[in-house]
Amino acid sequence: MTLSSRRILPLLLIAFSFFILSSCKDQSRKVVKIGYMNCNNEQETKHRFVPLTRYLSDKVGVEFVMVPVDTHDFEKRFNQGEFAFTHTNSLIYIVLKERKNLTLVASEKRGNFGSRSGGAIIARKGSGIEKLEQIKGKKFAFGPMLAPTGYLAEYDLMLRSGIDPEKDFASYTIPSGSFKHEKLIYGVMFGEYDVSAATLMDLEVMTKEGKITADDFTILAQTPLIPYCTFGAAANADPALVEKVRKALLELKPTDTADVDGEKVKVMKAAWIDGYEALVDKDYDPVREMAKRVNMPPYQKF
Amino acid sequence: MRFDRHTITIIVSGLLLGFFGVMLSVWGNPENSGICVSCFIENSAGALGLHNNSRLQYLRPELVGFVLGAFALALSRREFRSRGGSAPLLRFASGFFLIVGCAVFIGCPIKLFLRFTAGDLTALCGVAGLVFGVWCGLKGLAHGVELGRLSPAAAPKGSGLLSPLLFSMLLIFIFIPPVFVIASDKGSSAQHAPLFVSLAAGLVLGAVAQASRFCITGAVRDVLLMGRRAPLLWGGGAFIVSAFVVNIASGRFNPGFAGQPGSHQEYLWGFLGMMLVGWLSVLIGGCPFRQLVKSGEGDTDATLVVAGMFLAGALVQGWNLAATSAGVPLGGKIAVLAGFMMLLAVSVLVRDRG
Amino acid sequence: MKFDRFDRLIIVFLLLTIVGLSLLLSRTIPERTTKIETRNMERELAAQARQALLDKLYSPVAASMQAGQMQEALLKLEEINVRYPGEAHGFILKGEIFDRLGVPDKAAASLVQGVKLNGDYIDKRSSVSRRDLITRLVDSTLPGAVSAYRNSPVNAVLKENLANLNYLKSRLAGGCE
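Rules of the game
Residues numbered from 1 in each chain as written. Chains lettered and ligands numbered in written order. Predicted model: local features only at pLDDT ≥ 70, side-chain atom pairs only at ≥ 80, totals over all residues. Heavy atoms only, no water. Domains from an automatic or database assignment. Contact = heavy atoms within 4.5 Å. Salt bridge = Lys/Arg side-chain N within 4 Å of Asp/Glu carboxyl O. Polar contact = N/O pair within 3.5 Å; in protein donor to acceptor, adjacent residues only side chain to side chain. Helix = DSSP H or I, 4+ residues; strand = E, 2+ residues; numbered from the N terminus. Nonpolar A, V, L, I, M, F, W, Y, C, P; charged D, E, K, R; others polar. Pairing = 2+ DSSP bridges. Axes fitted to C-alpha atoms, helices over the stretch in contact; angles between N-to-C directions. Buried area = accessible area lost by both parts, 1.4 Å probe. Phe/Tyr/Trp six-rings, centres within 6.5 Å; stacked < 30°, edge-to-face > 60°. Buried < 20%, exposed > 50% of the residue type's maximum accessible area, 1.4 Å probe, protein only. Lys NZ or Arg CZ within 6 Å of the ring centre and 35° of its normal. Expected span 1.5 Å × (residues − 1). Disulfide = S-S within 2.5 Å.

## Description of the domain arrangement of chain A
Residue and element names in this part refer to chain A.
So, step 1. Examined at the domain level, chain A breaks down into domain 1 (29-113 + 227-294) and domain 2 (119-223).
So, step 2. On a C-alpha basis, the centres of domain 1 and domain 2 stand 27 Å from each other.
So, step 3. Taken together, the contacts link 19 residues of domain 1 with 17 residues of domain 2.
So, step 4. Put simply, domain 1 and domain 2 have one salt bridge between them.
So, step 5. Here Arg-293 ties to Asp-156 by a salt bridge, and the two come within 2.6 Å at their closest N and O atoms.
So, step 6. Between the two partners, domain 1 and domain 2, sit three residue pairs in polar contact (both at pLDDT 80 or more).
So, step 7. At the level of secondary structure, the elements contributing two or more residues to the side of domain 1 that touches domain 2 comprise α4 (90-100) and α10 (285-294).
So, step 8. Here the side of domain 1 that touches domain 2 gets five residues from one element, more than from any other, and that element is α10.
So, step 9. Residue composition of the side of domain 1 that touches domain 2, by class: eight nonpolar, eight polar and three charged.

## As for the sheet that holds strand β6 (residues 119-124) of chain A
All names here are of chain A.
So, step 1. Here five strands make up an open sheet; going across it, the order is β8-β7-β9-β6-β10 and the pairing mixed. Pairing within the sheet leaves two strands with one partner each, and these edge strands are β8 (171-173) and β10 (217-222). Adjacent strand axes in the sheet meet at a mean angle of 25° when their direction is disregarded.
So, step 2. Alignment of β6 against strand β9 (residues 195-199), held across five bridges, turns out to be antiparallel.

## Some remarks on the interface of chain B and chain C
So, step 1. Taken together, the 33 residues of chain B in the interface contact 20 residues of chain C.
So, step 2. Among the residues of chain B in contact with chain C, Arg-55, Val-179 and Gly-259 of chain B are the three that bury the most area, contributing 27% of the side total.
So, step 3. Applying the counting criterion to the chain B and chain C interface returns four salt bridges.
So, step 4. The salt bridge involving Asp-120 of chain C is made with Arg-55 of chain B; its shortest N-O contact spans 2.7 Å.
So, step 5. Counting across the interface, chain B meets chain C through twelve residue pairs in polar contact (both at pLDDT 80 or more).

## A short note on the interface of chain C and chain A
So, step 1. Tallying the contact residues gives 16 residues for chain C and 22 residues for chain A.
So, step 2. With both sides pooled, the region where chain C packs onto chain A buries about 1,700 Å², and carbon together with sulfur makes up 58% of that total.
So, step 3. Summed over the shared surface of chain C and chain A, the number is three salt bridges.
So, step 4. Put simply, Lys-125 of chain A and Glu-72 of chain C hold a salt bridge, and the shortest N to O gap is 3.3 Å.
So, step 5. Linking chain C to chain A there are five residue pairs in polar contact (both at pLDDT 80 or more).
So, step 6. Contributions of two or more residues to the side of chain C that touches chain A are made by α3 (70-83) and α4 (88-100) of chain C.
So, step 7. In terms of residues, the side of chain C that touches chain A owes the most to one element, α3 of chain C, which gives eight residues.
So, step 8. Across the side of chain C that touches chain A, the residue classes break down as seven nonpolar, three polar and six charged.

## Description of the packing of aromatic side chains
So, step 1. Summed over all chains, the structure comprises 30 aromatic pairs over all chains.
So, step 2. Where Phe-175 of chain B meets Phe-196 of chain B, the ring centres are 5.5 Å apart and the plane angle is 40°; that geometry is what we call tilted. Residue Phe-175 of chain B is found in helix α7 (residues 162-175), and its partner Phe-196 of chain B is found in helix α8 (residues 195-212); the two are separated by 21 residues along the sequence.
So, step 3. Residue Phe-196 of chain B is classed as exposed on the basis of its relative accessible area, which comes to 60%.
So, step 4. Every member of this aromatic cluster is reached through a ring pair, and the members are Phe-140, Phe-142, Tyr-151, Tyr-155, Phe-169 and Tyr-172 of chain A.
So, step 5. Here the guanidinium or amino end of Arg-115 of chain B rests over the ring plane of Phe-105 of chain B, the centre of that ring lying 4.3 Å away.
So, step 6. Directly above the ring of Tyr-167 of chain C sits Lys-116 of chain C, whose terminal nitrogen or CZ lies 5.5 Å from the centroid.

## Considerations on the pairing of strand β13 (residues 257-260) of chain A
Residues and elements named next belong to chain A.
So, step 1. Residues Ala-258 and Val-260 point to one face of β13 and are all buried, whereas Thr-257 and Asp-259, pointing to the other face, are not buried.
So, step 2. Sheet analysis places β13 next to strand β14 (residues 263-266), joined by four bridges and oriented antiparallel. Paired with Val-260 across the bridge in β14 is Glu-263.
So, step 3. The loop that links β13 with its antiparallel partner β14 comprises two residues; one of these, Asp-261, has a positive phi angle of about 50°.

## Some words on helix α6 (residues 123-142) of chain B
Residue and element names in this part refer to chain B.
So, step 1. In this model, α6 (20 residues) spans 29 Å end to end at C-alpha, consistent with the 28 Å of a helix rising 1.5 Å per residue.
So, step 2. Listing the buried residues of α6 in full gives Ala-123, Cys-125, Gly-126, Val-127, Gly-129, Leu-130, Gly-133, Val-134, Cys-136, Gly-137, Leu-138 and Gly-140.
So, step 3. Backbone geometry just downstream of α6 places Gly-144 in the positive-phi region, at approximately 90°.

## Some details on the state of the cysteines
All names here are of chain B.
So, step 1. Using the criterion set out here, one finds one disulfide over all chains in the structure.
So, step 2. Residue pairing for Cys-36: its cysteine sulfur links by disulfide to Cys-39, the two sulfurs lying 2.4 Å apart. Here Cys-36 and Cys-39 share a disulfide; its torsion about the S-S bond, 70°, makes the bridge right-handed.
So, step 3. Relative accessible area serves as the criterion here: at 0%, Cys-36 is assigned to the buried category.
So, step 4. When its relative accessible area of 7% is taken as the criterion, Cys-39 is described as buried.
So, step 5. Not part of a disulfide, Cys-108 finds its nearest cysteine sulfur in Cys-36, a span of 4.4 Å.
So, step 6. Given the relative accessible area of 1%, Cys-108 is considered buried.
So, step 7. Summary of cysteine pairing: Cys-136 is not part of a disulfide, and the nearest cysteine sulfur, belonging to Cys-125, is at 16 Å.

## Re unusual backbone geometry
So, step 1. Cis geometry is found at the peptide bond from Pro-297 of chain A to Pro-298 of chain A, where omega equals 5°.
So, step 2. Position of Pro-298 of chain A relative to the elements: it lies in the segment after α10.
So, step 3. Phi at Ala-87 of chain B is positive, roughly 45°, even though this residue is not glycine.
So, step 4. One can find Ala-87 of chain B in the loop between α3 (61-76) and α4 (88-105).

What follows is the structure, given as structure tokens:
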């Protein structure tokens, strides 16, 4: 059987149209950007959250683009309208909530305490520092200044315990560069600092990974548990889209995968998370109270 | 309405079943499980070393009592007759799936109503499932799906004694336990009423059930067939009223859906488990309790059902098919569907189209 | 029924077998008693050995808990859990720690895992029983969990917490397992 050119031509045209239409599919989708706060560095942020962003695109039907953002630039770039959705720590969330009426989308679950975490004040075991009151006059190290459980919560804890970090230490410092939280813990372990703030999450993860043991440190005090990483949406974001994103996050399961560079990647495993939870804004009040007591944004008074 | 002697016997059976069903819990059996044939069989299978769940191993004297009580009364009334010979393998498999259905629901039809009368509202799904299953079975019967009639000629003389003899052996095991008989010292099998109380209750219930032919699924079946004229309706009613009153009187009535003893909230699977039990019970002529009683009367077909029930009692534990308060395991769901597959295949292949 | 010679012969052999069996059984009774006692002792030994091993294995955790160092106890538990991730005792201790840290939903989740793995922890008479802790936890948090779930029925976390507490309540209520 032979096909004449008059029959082949329309078939080819139809096939070509399908090809063109299918390649246009992604371009026709609405593009929405999500700003992800860098925890340690941009590369790590990308590695963790590209699969999650791809998952959201697949679930919501919108082309989400991830934007890694340094903590200190976050508010400025958000104000410039660079991204409509945010993934930040709880302190940045309340800053944007107070100043730009950010909408709470979902709270991240990770580690022993789920959607909440806390901080601790640690000293090296055998250093002779056994109680919180003994830290006066010592060399102290905090985590990054906008870290809720690496700085804010510990600072607040000390103030409530009658210790003024500005006056009562021989010196205090914040390590520079990436992996600041881990540097604090190693700093105490190897004697660079006498005492430091440490997030419970880092202590838990480093213990699990065998980097440290529970016997390396004395935990002098522990802060209350507060919400941690949080997804937010700009006040002018489409409410229907916000709802879809919330639903997709809350429905995220350990078995969900996303295509990244031709590979199927497990979303939760890549992002180091255990899922999302629907907290309400009131759940963030303990962070607000801490920020007020420590005189930090968004309640800072000069 | 005038009650004849048989109806009164049925009512007495129902009253006693309700009374002992609750009181055995008061005397030490697990909550809402004063009488539960499927649980007792799982416990007894474990006690004989057929599974290794160390929390579910106890040779339940009630079980022995049911068979020997029925045997003694059948003998005294000259009703003991060796009979059987119809579709033995299908009956064995049916016995197996009876216990699978019960294990997925957590309880036999007697326990279903004991749970319900203690306020466990999750049992409602089981009630619905049981009634629907019996209705399906009746539809099957109406269309010629039956395993054949029992025949004294088909069973060798004396073969009906096998079950009473085996249960007599278990009775000896209860009083003089051999080394291989295990008794849990923890878990629900460590909870039991005093031995003589359990045995006496079992003997009484086995005897009255033999006299009255009382059976839960039989009651449902007769009500569906005859409505209010069914004598077993009075027996079923007496059982429910009696259990309800004793539950209230003993402070065991706690109505609610959540947190009930030995129950889960997977309603669909609870429904399907009991539906399977109801349907199978119509096909083989009685619920698990009735099968025990019939095996005591010399019915070798019922004895094969009981053998299938014991195998299932071991395997639902060994293969993790049994539901718990946490829900129904995947294996249990698969086993229930396998049971339905068998029923449906039987309905097509065994159907008398004449 | 008439018995012929063959029947009588069979009946005699049957009676002889019964007598033989009885003799055999009567002779094995002392041996049986010894074996049962030995088995019971072995069971007791296994239980005590398990208890001793758990006590030894988890002693650093217990020491930290006793000293009120809950976070330290949790970290020590993490270390042990790397080697024995499926051990019920680890989940139970974690539940206790969460309870003492004031995180009841996490406490319930851990206790559920522990009880599912080993029902001894909810038994009244067991030496490892945590029935009192579980009862207190369920009594104090279930009403709040019910109302929280009713206020937000789509919240999967609240739903899971309620399911956990109901599971524990069901296990406390008893019944067949």
